[in-house]
Each structure stands twice: as structure tokens, then as C-alpha cells.
Amino acid sequence: MPLPPSIYHLSSSHLRLDGRRWNELRRLTAQISTQASADGSSYLEMGNTKVLCTVTGPSEGKGGGRRGDEDSMSVDVRVNVAGFAGMDRKRVGRGDRRITELQNTISSAFSSTLFTHLYPHSTISLQIHILSLDGSLLAASLNAATLALIDAGVPMRDYLVACTAGLTPPSGRGDGDDMDPLLDLNGSEETEVPFLTVGTGGAGGGDVGGGGGWV
Amino acid sequence: MPREAEPSINERAFILEALQENIRLDGRPLDAFRELHIAFGEEYGVADVQLGKTRVLCRISASIASPYPDRKFDGIFTITTELSPLASPAFEVGRQSDLETHLSRVLETTLRRSQALSTESLCLIAGQKVWSLRADIHILSHFGNLIDTSCIAALAALRHCRIPDTSIKGGVLIVYTPLERDPVPLALLHHPLCITLNYFESGEKMLVDATLQEQQCSEGEIVVSANPQGEVCLVQKGGGGEVDALVLLRGIGLAVGKVREVGKVIDRVLEEDAKRRDKGGVVSRELRAENER
Amino acid sequence: MATKTLVFPGDIISPEVLPIPTNPSLPLKLGPGLRHVPPSTITSTLAGPLCIDRKKNAIWVENNTGRYIPQPNDLIIATVHHSSTDIYHCSITPHTAFAQLPQLAFEGATKKTRPQLNSGSLIYARILSASKHTDPEIVCYNPSTGKSEGMGELKGGMLFDISMAMARRLLMHKQKADGGIALLEEIGGKVAFEIAVGRNGKVWVKSGGVNETLLVGRALQETDTQGLGIEEQVKVVRRLMRQV
């Protein structure tokens, strides 16, 4: 993919477009118990990505659910991208494949982290609202969901913490040695650089790899 | 009331016991593919891939459309997957399952977002006319490893596909019939393939091309897309058991080797198909050389 | 199965091939693939060899396609899916409705001694009743004698899929003469194993080790998919034996 080299001043000034160094995160602030009505809730900002997550449950599955999933809890994830989240006002439909994939990824990540076998016949639902979108969507959603689940007091093996990492394209001079790793990509970097979202448990070596891009 | 066939306790235990001795049910080594059979249709752009008993058909169709207003220089390339009850009792009509979303997203990342097919090359007149390419992937039978099989089918079909040649004279777009000019192949920048690895014993054992039963018994799966040059396009491991980061690296190394192997098979089959179609002799070869862009 | 005529759908079965009943009071039985058009025409609805059993005065078309449809008195291998108060709900094939296995339908089972089966356990059972409109009912004992007769939970071992025709052949009384199967005897001479065949296209095999169990399973599947004759079966067994 031909990339406009102007985006990367990394080699000359060692600073990214927003003034960060390669290994610097954006400002991270988080709150828990923001929503009084939910069983657990959290609000997380990673730079300009702002995510609100609420947890309901574990509660009895509605409509009987599918038989066969009865011996463990199912994790239901809804991601809602607000119309004002991006640069231009856009409605993201529920059927959007990217959103469905995001939901599935978060759901399967937590299915293996939470002690789902403690709650047979039940469902826990996570509602994730994206208020402002500027890259690292999956990482921010996972972090917010972890906080909300901690707030709700759901037993889990480990905290699931995620971050994105990218790699700048080679400048063409060297043999790939001048490719710089980047941590916590923002929206504009995400469109230009191949990246990976990694989620790990705090102590163990678990992980959730997502996404991709071309190297 | 059809549903997915879940393996029984006995089968699960036996598969795991056999794996401890590095034995797979069908006698393959842990890192071997099932028998891969690729056939092309009479027309260009149709590939029928059989991997063991799993079978996937991919068809590429092209039409001329107007581009999206925000992407004036890019052609349109869509990938659709169809999981019908024909393939497995677990698939329902109408409802999009998690597997289907997963499959189509992986294929899209592998083939489209990795720029394997350059959408810019599909542009005919900027902002007005572009090729709209569609890859329809039909799952005909599901005995495990749908992702790899679908990806092989899609890539083989893309590499086999020919679209009509066009030219612009005085602002008028001319599309040539196959009789006037030979259709041209698509501009593929590289040839990525997906390899799904199912792991056991927290990543100690990794299976390539797992069957449905092995898939159901595994702790989780890692999907790696790479091209034969060894460049990685996608690494995905959503959920499943925890593995060490080094396992991922080992998996990627393993997958790249497999991509090369499968890539060679596709190369060979394409060559055989080209030989079969090349009935012309010297005259047609020279004509083709002229038309090659 | 001395005479084999090949029939196609719509063929009229000529009266000459019909068996002459040994006992005149025994009515002629039509099996799968045949249809009686009154007054006295018999046509086939499937393609395949026509099979005749003179002793039972029965006639049917052998056909190796289609899914398993539960029939009374068939022996099947089912998986326990879930249990309710006194019934185990079992899956015979993914396509059929769950079969009901009463928890007391085991040899010598009482409220206190009934077997505890987890979901995912394999059972060898006989179909008691099956119809289009109700869930099939299965039992793990012979209701007339109260004996298990080999039925019940299958512990350990491995399940292999085979075609339904293969399952029928394996269940024949004279396996070698009628079914054309010699491989089980051949393997049995060298390796000890247990086997249970279900009409729903499943074979359960248990043997000393992983390799031995797989040997039996693979030999069965190869014979099935490649349609091997008796001599070829012996060859396959010898080849697989060498690998173990």
C-alpha cells in the first residue's frame, strides 16, 4: 500500500502527529459506577476515544435461550456507536459487520475470562456505548468492559486489559530496520498503519489478538 | 429441529488422549493438511475447493457500477458468504450466525484490507465508472476448517478470474467482448492465505487444518493470514484458552510455511488450467501478448 | 440375497421375482423403497439392488442414501443431550428430534439404582416407538425380559461415522455371507476389541489402546467408503496392522 510518507515524521523528530513518542499512551482516565441504574458501569477515555459501558446481570436468560448452553453463562454484548462519535455525523446500523465482529470478539474474550460455569442458565449483558471515536476501539471497549464487570462484582479469572500496537512502514531506504513500533494508535494512525490489538490477563499470558493490516 | 452435532464425552476424551500421543484420527501428522483438491469451472473465476470432506465454491462476478462518492478512484469489491443448511445442520437460513460474521470479516481483512486486490485498478473513469467485483462464497459441506478452505477458494477464483478488457477513447468507455480482445486477469498485488491453527494444552500442540471434531474439542483457535513472501496480514485469536505470546509467534511461523505449501498447489493447478485452455498455438499467443497490459 | 436385480424408481416389480412364501398364511412384506399400487402392482421408488428374504417373505430395495429416520426395534447409538425429571433427552442424529429415554429403562433400574448419565454420554439403545408426530422413545433393556442384552451406557472407546448401509451390513446375522464383511473377524484374530453398531450410522469401538481402536475404526471406514470386497478387506487389515 503506497503510504504518504508525510504522515510520519518519526524518523526526523521522533514525535508522532499528536506529539507523542512511539511508546507513549494517550491520556487514560476512567471512572466506575457512573450509572446508578446498572449493575455495573464504567466510563473510559483513551485520548479522544470515549466509551461508556454498563453491565446488566447475570440474570435469567430470556425466552428460555438455546438449549445446550445451559451449564454456563452466556455473554451478550451490544455495541452502540453514537451518531456524533466520528468526524461527520453518521448512523452506524446494527447490522454493520464491523460492529457485529467487535461484539463477537468481546463476547468470546470474556466468555473465557469470566467464571461462566458459576452461573448456569443465565445471561450477562454488556452495553458498550461509543461516545467519541478516535482509534483503538476494541482496546477501549475491552478495558471499559473489564472495569464495568469489576464494578458489577462478576467473578473472573483475571483482568482483561487491551492495547493496540502498530508498525510504521519502512521508509524504503533500509531493509525494515527503520520500521518503528507505535503504541496506542489514534484514529488517523489506524487508517495508515498495520496494527494489532492485544488483550492480556494481568498475570497470566492470555491474549486476544484482533484486527490486522498489511505488513 | 436440526442442530450442531456436539461430540460426546467419549469422543472428546479419545481425541485428546490420541493427541497426547501425537495421533490424529485420520492418521495425519499434526501439521498436515487434508487432501486438497482445486477445480476450476468452465468459465473464468469459478473455483471449487475440496479439503477432505469440506467443500467450498467461490464465484467471482464483475459488473460496471458507479463508485462510492467518498472513494472516487476505487472500484468496489465485496465478499459475501453463504452458509446454508445444505452444508451442516447447524446452519440456519436467514439468520447470520457468529461463524458467518467471523468468516466474512477474516476473508475481507485477508483479501481486501491487505490490498491483495488493488481496488484502484478496478477504476475505469474516476468518479463515474468502476468495476464492481463480487466474490460469492458458497459453503457446500462443512467438515471443519471453513476459513482456510473459503480463503483458498476465494484466492484461487480471484487468480483465475478474467474481466473484459476496456479502453477509453475520447471520454467514451469501450468494453471489449472476449472475441474482440482477450479478457484480462485481475491486478493482484500479493497472494495471501488464511491458516487456522487449533491449539491444545495451552498452545503446546497446534493442529493445522482441524476437522470439525478437532475444532470442537480444541481450547481455541488462532487465525493467521500471510502471503508466501512471509508477510503477515492478520493475526486473530478471539477468546479461547490463554496462551503464551511465544505460542503466537510459533504459530505464525508454522502458518507461513503452510501458506507457501498451499500457494504452490494453487500455482500448479492454475498452470494446468491455463495449459488446458491454451488451445491456440502461435497465433493466439502472439495476439495475447499484444493485449497484455 | 441370492438373486440381485437392479431396480430404478418407477420400475414395476414383475411377479416372478417375488418370493414364493414357504408358509401361505405369511403375508408379503414390503420394505423401504417399494410401494404397493392396488390391486396387485408393486413399483419401486428408489434405485438400488432388490433384496429378497424368502424366509420372512420380505422384499426391499437396498439404498445407501438419506438420513437416518428412527424405526421401531432399531439398535442405535445416541448421545445424552440433557435430562429432565425422569427422562434423558438423547440425540440420535442432528436432524431428528430428541429421543426420550426414561431413566428407569435400564436393566434392574429402580428409583434408587438408576444410572446417572451426564450430558454427552453415549448410550446403546433400542427404539421402542417412533412416528412422524411424536418424539421417538428409546430403551436400554428388553422390556419383555428385563435384561440389558448388551445395551446401556458405552464407556470409553471412540465413535466412528459409517454409512447406513454399512451399519445394516454389520448388523446382519451372517456378516460374512450376507453382508460381505470379513474385517472384524480378521482383526478379531489379532486384537481384542469391543464393538457396538448403531443403525443410525455410528460404530463404537473400544480396544486396548488408541492405535488399536483407530485401526478398527479406519478399517471400517475404508471398507465403507471404498466399497471393498472380502479379499480387499483382509488386505486393508494387514496393511493397517503393520502400521500399528
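By convention here, each chain's residues receive numbers from 1 onward along its written sequence. Here the convention is simple: chains get letters from A, ligands get numbers from 1, in the order in which they are written. Restriction of local features to residues with pLDDT of at least 70 applies here, the model being predicted, together with a cutoff of 80 or more for giving and counting side-chain atom pairs; totals for whole chains, interfaces and linings are based on all residues.

## Considerations on the overall build of chain A
Convention followed: In this description a helix means any DSSP run of H or I spanning at least four residues, a strand means any run of E spanning at least two, and both kinds are numbered starting from the N terminus. In this scheme every C-beta is placed from the backbone, and a residue whose C-beta has 20 or more other C-beta atoms within 10 Å is buried, one with 12 or fewer is exposed, and one in between is partly exposed. In this description, a residue-residue contact is defined by the distance between C-beta atoms placed from the backbone, which must lie within 7 Å.
Secondary structure assignment for chain A yields 4 helices and 9 strands. Helices and strands in chain A line up, N terminus first, as α-β-β-β-β-α-β-α-β-β-α-β-β. By the burial criterion, 42% of the 215 residues in chain A qualify as buried. Restricting to contacts in chain A with at least 6 residues of sequence separation, those with at least 24 account for 68%.

## Quick look at the overall build of chain B
Here is the rule we go by: The quantity called the radius of gyration is restricted to C-alpha atoms. Its globule counterpart is 2.2 Å times the number of residues to the power 0.38.
Helix and strand counts for chain B come out as 6 helices and 14 strands. Against the 2.2 N^0.38 benchmark of 19 Å for 293 residues, chain B shows a C-alpha radius of gyration of 21 Å, consistent with a compact globule. Counting only C-alpha atoms, chain B reaches 70 × 45 × 40 Å along its principal axes. A buried classification covers 42% of the 293 residues belonging to chain B. Within chain B, residue pairs in contact and separated by at least 24 positions form 72% of the contacts whose partners lie at least 6 positions apart.

## Some remarks on the confidence of the model for chain A
For any part of a model where pLDDT is low, the fine detail of the predicted coordinates should not be relied upon. Residue and element names in this part refer to chain A. Rules: A residue's pLDDT is the confidence the predictor assigns to it, expressed on a 0 to 100 scale.
Averaged over all residues, the pLDDT of chain A is 78; the fraction at 70 or higher stands at 76%. At the low end of the mean pLDDT range in chain A sits strand β9 (residues 208-210), at 49; at the high end sits strand β2 (residues 40-46), at 92. Low pLDDT, under 50, characterises residues 1-6; the stretch is placed with 5 contacts to residues that sit more than four places away or in other chains. Confidence drops under pLDDT 50 across residues 203-207; counting only partners more than four residues distant or on other chains, this segment forms 17 contacts.

## Structural notes on the nonpolar core
Rule in force here: We call a set of buried Ala, Val, Leu, Ile, Met, Phe, Trp, Tyr and Cys residues a nonpolar core when their C-beta atoms link them within 7 Å. Residue ranges for the domains originate in an automatic or database domain assignment.
Counting residues in each nonpolar core, the largest one holds 165 residues, and the members touching the most others are Ala145 of chain A, Ala153, Ala154, Ala157 and Val224 of chain B together with Cys90 and Ile123 of chain C. Considering every element that reaches this core, the biggest residue donor is helix α3 (residues 137-152) of chain A, with 11 residues. The two domains that each donate at least three residues to this core are domain 2 (75-154) and domain 3 (158-241) of chain C. In this view, Ala153 of chain B contacts Ala47, Val49, Val56, Leu57, Cys58 and Ile137 of chain B; residues no more than four positions away in its chain are not counted.

## Regarding unusual backbone geometry
For the peptide bond that leads from Pro38 of chain C to Pro39 of chain C, omega is 5 degrees, which places it in the cis range. In this fold, Pro39 of chain C is placed in the loop between β3 (34-37) and β4 (41-44). Of note in this structure, Asp209 of chain B is not a glycine but carries a positive phi near 50 degrees.

## Some words on the sheet that holds strand β4 (residues 74-81) of chain A
All names here are of chain A. To keep it simple, the criterion reads: Only strands that DSSP links by at least two bridges are regarded as paired with each other. Here, axes are lines fitted to C-alpha atoms. For helices the fit covers the stretch in contact, and angles between N-to-C directions go from 0 to 180 degrees.
Taken together, the 5 strands give an open sheet; going across it, the order is β1-β2-β3-β5-β4, and neighbouring strands pair in mixed fashion. Strands with a single pairing partner mark the edges of an open sheet, and in this sheet they are β1 (28-32) and β4. Averaged over all adjacent pairs, the angle separating strand axes in this sheet is 15 degrees, with direction ignored. Here 5 bridges tie β1 to β2, and the two strands are oriented antiparallel to one another.

## Focus on the UniProt feature "domain: Exoribonuclease phosphorolytic" (unreviewed entry) in chain B
Selection criterion: UniProt positions are given in the numbering used here, feature names are shortened, and annotations may be inferred rather than shown by experiment.
The UniProt record annotates "domain: Exoribonuclease phosphorolytic" (unreviewed entry) at residues 33-164 and 192-255 of chain B. The span residues 192-255 of chain B is 27% helical and 38% strand by assignment, and the distance between its end C-alpha atoms comes to 11 Å.

## Comments concerning the packing of helix α4 (residues 210-226) of chain C against helix α5 (residues 230-243) of chain C
Residue and element names in this part refer to chain C. Rules: Two helices crossing with the near one rotated counterclockwise from the far one by less than a right angle form a left-handed crossing, whereas a clockwise rotation gives a right-handed crossing. Each residue gets one of three labels, nonpolar for Ala, Val, Leu, Ile, Met, Phe, Trp, Tyr, Cys and Pro, charged for Asp, Glu, Lys and Arg, and polar for the others, Gly among them.
Contact pair α4 / α5: the axes reach a minimum separation of 10 Å and the direction vectors enclose 145 degrees. Here α4 and α5 pass one another in a crossing that is right-handed. Across the interface between the two elements, Leu215, Arg218, Ala219, Glu222 and Thr223 from α4 touch Gln233, Val236, Val237 and Leu240 from α5. Of the residues in the contact of α4 with α5, the class split is 5 nonpolar, 2 polar and 2 charged.

## Focus on the sheet that holds strand β5 (residues 48-53) of chain C
The mixed open sheet is built from 4 strands, whose spatial order is β1-β5-β6-β2 (chain C). Strands at the two margins of the open sheet, each flanked by one partner only, are β1 (5-7) and β2 (29-30) of chain C.

## Things to note about helix α1 (residues 9-20) of chain B
Quick note on the threshold: Expected span of a helix, by definition, is 1.5 Å for each gap between consecutive residues, and there is one gap fewer than residues. This arc is built from the directions going out from the helix axis to the C-beta atoms.
For α1 of chain B, spanning 12 residues, the distance from its first C-alpha to its last is 17 Å, which sits close to the expected 16 Å at 1.5 Å a residue. The set of residues buried in α1 of chain B consists of Asn10, Glu11, Phe14, Ile15 and Leu19 of chain B. For α1 of chain B, the arc enclosing every buried residue in end-on projection is 160 degrees, short of the 170-degree limit, so these residues lie on one face. Looking at the packing, one finds that the buried side of α1 of chain B touches β11 (193-200), β12 (205-208) and α4 (212-217) of chain B together with β10 (122-129), β12 (152-154) and β13 (158-161) of chain C. Once α1 of chain B ends, the next one or two residues include Asn22 of chain B, with phi positive near 60 degrees.

## Here's the deal with the environment of Gly83 of chain A
Residue and element names in this part refer to chain A. Inspection of the secondary structure puts Gly83 in the loop between β4 and α2 (97-113). Once the C-alpha coordinates of Gly83 and Gln31 are considered, the two residues, 52 residues apart in sequence, prove to be 23 Å apart. Those residues in contact with Gly83, other than ones at most four positions away along the chain, are Arg89, Lys90 and Arg91.

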